[in-house]
Amino acid sequence: MGVFSNKIHRDELKAGDHIYSWRHVYLYAHHGIYIGEGKVIHFTRGAGQEIGTGTVLDRFIFSSSPSNSLDNPCPRCGDQSSLDGVISSCLECFLSGGDLYLFEYGVNPAFFIAKARGGTCTLASSDPNQDVLHRASYLLEKGFGVYDLFKNNCEDFAIYCKTGLLVYTTISVGRSGQAASFLAATSAIISSPLRFLTTSFSGLTAVGCGMYCLSRLVSDMGVRRDVTKVPVERLVARSGIEPEVGPSKTDKKD
């Protein structure tokens, strides 16, 4: 791995790794936590979609979760098109024909800025793998709240599992580097007053790149000051996503 690519081979995977795979010719990446034995826990919007805006645009922009058709479901996962929230899939279904990439933690600022595409690394440090696996498994059982493309998406889920960090303000984006990059690009294009300091193309490009990099950096979980460590049990209780009545998934299996 390096600045240009985080691609890894399957035999390099370890339980607790934060992995992702690009979709639609690098339009976006889908993220999850590898738990071993060829299984991945990841967060989806539901209705067969990995991500979405909740509008009609989803039909044209975003792919559906299962890599297999309804007539030919995965022999390991079955038909997952009706599932939503936090689900467990085999690695093949998670990758959906794409390549495998490893999200990096604890990188330095220079490396972070050099990785111009968001959603590939963070300055924040990862917790031990046993903590990561505990959070992922607990949220598979209890859920991770309501999906939100900018504040509570698949990357947010994976980063929380790895770090236990949550954004406690309501006026900013969540933990996702992809969402932060989108907003940073928007800010660089239309929001910077520095664009009035130069009229040359090279000057505007330099200002735009500088604003983009700065916006990404200050939005990273390893830099932000509006984050706090939250135990997964308290997260579920505070969010009200733990069911009050009825048997749990574990009870149903027994």
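Please refer to the structure placed before this passage.
All values derive from a computational prediction rather than experimental measurement.

### Some words on the overall build of the protein
Helices and strands together make up the secondary structure of the protein, namely nine helices and seven strands. Relative to its full complement of 254 residues, the protein shows a buried share of 47%.

### Some words on the pattern of salt bridges
A full pass over the atoms with the stated rule returns five salt bridges. In this structure, the salt-bridge partner of D226 is R224, at a minimum N-O distance of 2.9 Å. The exposure class assigned to R224 is buried, which follows from its relative accessible area of 8%. Residues joined by salt bridges that share partners form a network here, namely D127, R135 and K229.

### Side note on unusual backbone geometry
Generally, phi is negative for residues other than glycine and the peptide bonds are trans, each holding for most cases. The backbone of E37 shows a phi angle near 55°, a positive value even though the residue is not glycine. For E37, the location among the structural elements is in the loop between β2 (28–36) and β3 (39–44). Given the relative accessible area of 73%, E37 is considered exposed. Of note in the backbone geometry, S96 takes a positive phi value of approximately 50° without being a glycine.

### Describing the pairing of strand β4 (residues 85–90)
Within β4, five of the six residues are buried, which leaves the element mostly enclosed by the surrounding structure. Bridge analysis of β3 against β4 gives six bridges, and the strand direction is antiparallel. Opposite V40, over in β4, you have S89 as the bridge partner.

### Here's the deal with the side chain of R135
With respect to the element layout, R135 can be found in helix α4 (residues 129–142). When near neighbours in sequence (up to four residues on either side) are disregarded, R135 contacts D127, Y160, C161, K162, T163, G164, K229 and V232.

### Observations regarding the nonpolar core
Judged by nonpolar contacts, the single largest core of 19 residues is most densely connected at L139, F144 and F157. Elements that contribute at least two residues to this core include exactly β3, α4, α5 (154–163) and α8 (232–239). Not counting the four nearest positions on each side in its chain, F157 is found in contact with I33, I41, H42, F43, V86, A136, L139 and F144. Listed in part, the 12 residues of the second largest apolar core include Y20, A29, F103 and V227.

### Re the packing of aromatic side chains
For any pair of aromatic rings, the description consists of the separation of the ring centres together with the inter-plane angle of the planes. Evaluated as defined, the whole model comprises 10 aromatic pairs. For the ring pair Y20 and F103, a centre distance of 6.5 Å and an interplane angle of 80° mean the geometry is edge-to-face. Of the two residues, Y20 is situated in strand β1 (residues 18–23) and F103 in the loop between β5 (101–102) and α3 (109–114); the sequence distance between them amounts to 83 residues. Of the two residues, Y20 and F103, neither departs from the other in class, the shared state being buried.

### Regarding the sheet that holds β5
Spatial ordering of the open sheet is given by β4-β3-β2-β1-β5, a layout of five strands whose pairing is antiparallel. Every other strand in the sheet has two partners, leaving β4 and β5 as the edge strands with one partner each. Bridging between β1 and β2 involves six bridges; their strand directions are antiparallel. For S21, the partnering residue across the bridge sits in β2 and is H30. Contacts from α5 reach β1, β2, β3 and β4 within the one sheet, and its direction differs from that of β2 by about 35°.

### Details of the packing of α4 against α5
For the pair α4 and α5, interaxial distance at closest approach is 7 Å and the crossing angle is 135°. Taken together, α4 and α5 sit at an angle that is classed as oblique. From α4, N129, D131, V132, R135, A136 and L139 reach across to α5, where they touch F157, Y160, C161, K162 and T163. Within the contact of α4 with α5, the residues separate by chemical class into six nonpolar, two polar and three charged.

Cut-offs applied
- Residues numbered from 1 in each chain as written.
- Predicted model: local features only at pLDDT ≥ 70, side-chain atom pairs only at ≥ 80, totals over all residues.
- Heavy atoms only, no water.
- Helix = DSSP H or I, 4+ residues; strand = E, 2+ residues; numbered from the N terminus.
- Buried < 20%, exposed > 50% of the residue type's maximum accessible area, 1.4 Å probe, protein only.
- Salt bridge = Lys/Arg side-chain N within 4 Å of Asp/Glu carboxyl O.
- Pairing = 2+ DSSP bridges.
- Contact = heavy atoms within 4.5 Å.
- Core = buried A, V, L, I, M, F, W, Y, C linked by side-chain atoms within 4.5 Å.
- Phe/Tyr/Trp six-rings, centres within 6.5 Å; stacked < 30°, edge-to-face > 60°.
- Axes fitted to C-alpha atoms, helices over the stretch in contact; angles between N-to-C directions.
- Parallel < 35°, antiparallel > 145°, perpendicular 65-115°, else oblique.
- Nonpolar A, V, L, I, M, F, W, Y, C, P; charged D, E, K, R; others polar.

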